[in-house]
Amino acid sequence: MGVSTVTLSIVHDLRGNLVPIQSQRDIPFDIRRIYMIYDVPTGAERGGHAHKELTQLILAAAGSFSVRLDDGTRRHTYHLNSPTEGLLLPRLVWREMFAFSPDAVCLVLASELYSAEDYIRDYGEFQQLVKHHNSIS
Ligand code: TYD
C-alpha cells in the first residue's frame, strides 16, 4: 500500500537518548509542519480521513496507539509504541488512530502546511479517487 516503517537512530549517552529527524535524510520529504495529538480520552478515535497530496511521518513520541490504514484495496493495522519507530504515510491512504494509552503523544511531521482542501473525509469519495488514481497510473 506504499506505507513504510522508518526506524530512527538514537544518539545515546549517560544523560539519555536523543533522536534527530532531518528532512531528506531521515525521512524522504521536507518538513513544513509539525503537530502533536495527546490527552486523547480512552476509547476516542482520531483520523477518519485521507489526504490528496500530503505525506506524513507519524510516531508515538510517548505511550502507544494503533493506526488502521486502508489504501482502498488492502487494510493493515500497526501498533506504534516507540519514539524511534515511525510510519510513513503517502497520499491517498485512509487512516484511523485508536487505542491511545493515557500518556500517548502522537507526533506528526507533515510535508505541507495545513490545508482543509487537502482532506478527503468521505470514505465513498476516497474509494472513487483511489479507483481513478489506480486506473490512470
Ligand atoms: P484533524 O486533522 O481532523 O484531526 P485528526 O485527524 O487527528 O482527527 O484536525 C482536527 C482539527 O484541528 C480540525 O479542525 C483542523 C485542525 N487542525 C489545524 O488547525 N491544523 C493542523 O495542522 C491540523 C492537523 C488540524
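Residues numbered from 1 in each chain as written. Predicted model: local features only at pLDDT ≥ 70, side-chain atom pairs only at ≥ 80, totals over all residues. Heavy atoms only, no water.

Draft legend 1. Structural context of the pattern of salt bridges. Scanning the model with the defined rule gives six salt bridges in all. Ionic pairing is found between arginine 68 and glutamate 96, a salt bridge with its closest N-O pair at 2.5 Å. Of this pair, arginine 68 sits in strand β7 (residues 65-70) while glutamate 96 sits in strand β10 (residues 94-98), placing them 28 residues apart in sequence. (Salt bridge = Lys/Arg side-chain N within 4 Å of Asp/Glu carboxyl O. Helix = DSSP H or I, 4+ residues; strand = E, 2+ residues; numbered from the N terminus.)

Draft legend 2. Inspection of the site of the ligand at higher detail. Inspection of the region around the ligand gives Arg33, Tyr35, Ile37, Arg46, Gly47, His49, Tyr114, Tyr119 and Arg121 as its neighbouring residues. Note that an oxygen atom of the ligand is positioned 2.8 Å from one of the backbone N or O atoms of glycine 47. Separating an oxygen atom of the ligand from a side-chain N or O atom of tyrosine 119 is a distance of 2.6 Å. For the ligand, whose unbound accessible area comes to 530 Å², protein coverage reaches 62%. Of all the elements in the fold, those that place two or more residues in the shell around the ligand are β4 (33-38) and β5 (46-51). A breakdown of the residues in the shell around the ligand according to their chemical character gives four nonpolar, two polar and three charged. (Near = heavy atom within 4 Å. Polar contact = N/O pair within 3.5 Å; in protein donor to acceptor, adjacent residues only side chain to side chain. Areas by Shrake-Rupley, 256 points an atom, 1.4 Å probe, with all protein chains shown as cover. Nonpolar A, V, L, I, M, F, W, Y, C, P; charged D, E, K, R; others polar.)

Draft legend 3. Fine view of the side chain of serine 101. By the element assignment, serine 101 lies in the loop between β10 and β11 (105-110). Setting aside anything within four residues of it in sequence, one finds serine 101 in contact with Gly63 and Ser64. (Contact = heavy atoms within 4.5 Å.)

Draft legend 4. Summary view of the sheet that holds β4. One open sheet holds the five strands; their spatial order is β1-β9-β6-β11-β4, and the pairing between them is antiparallel. A single partner strand is all that each edge strand has here, and the edge strands are β1 (4-7) and β4. Pairs of neighbouring strands in the sheet enclose a mean axial angle of 25 degrees, with direction left out of account. (Pairing = 2+ DSSP bridges. Axes fitted to C-alpha atoms, helices over the stretch in contact; angles between N-to-C directions.)

Draft legend 5. Representation of the environment of tyrosine 119 within the structure. Structurally, tyrosine 119 is set in strand β12 (residues 119-120). The exposure class of tyrosine 119 is buried, given its relative accessible area of 17%. For the pair tyrosine 119 and leucine 54, spaced 65 residues apart in the sequence, the C-alpha separation amounts to 8.9 Å. (Buried < 20%, exposed > 50% of the residue type's maximum accessible area, 1.4 Å probe, protein only.)

Draft legend 6. Geometry of the sheet that holds β12. Reading across from one edge, β8-β7-β10-β5-β12 is the order of the five strands in this open sheet, with antiparallel pairing throughout. Edge positions in the sheet fall to β8 (75-80) and β12, since each has one partner strand and no second. When β7 meets β8, the two strands line up antiparallel, connected through six bridges. Paired with aspartate 70 across the strands is arginine 75, a residue of β8.

Draft legend 7. Seen up close, the pairing of β7. A large share of β7 lies buried, amounting to five of its six residues. In textbook terms, the turn of a hairpin is the stretch between consecutive antiparallel strands, and for β7 and β8 this stretch comprises four residues, one of which, glycine 72, has a positive phi near 100 degrees. Judged from the five bridges that link them, β7 and β10 form a sheet pairing that is antiparallel. If you follow arginine 68 over to β10, its bridge partner there is glutamate 96.

Bear in mind that shape data such as this cannot, by itself, settle questions of function.
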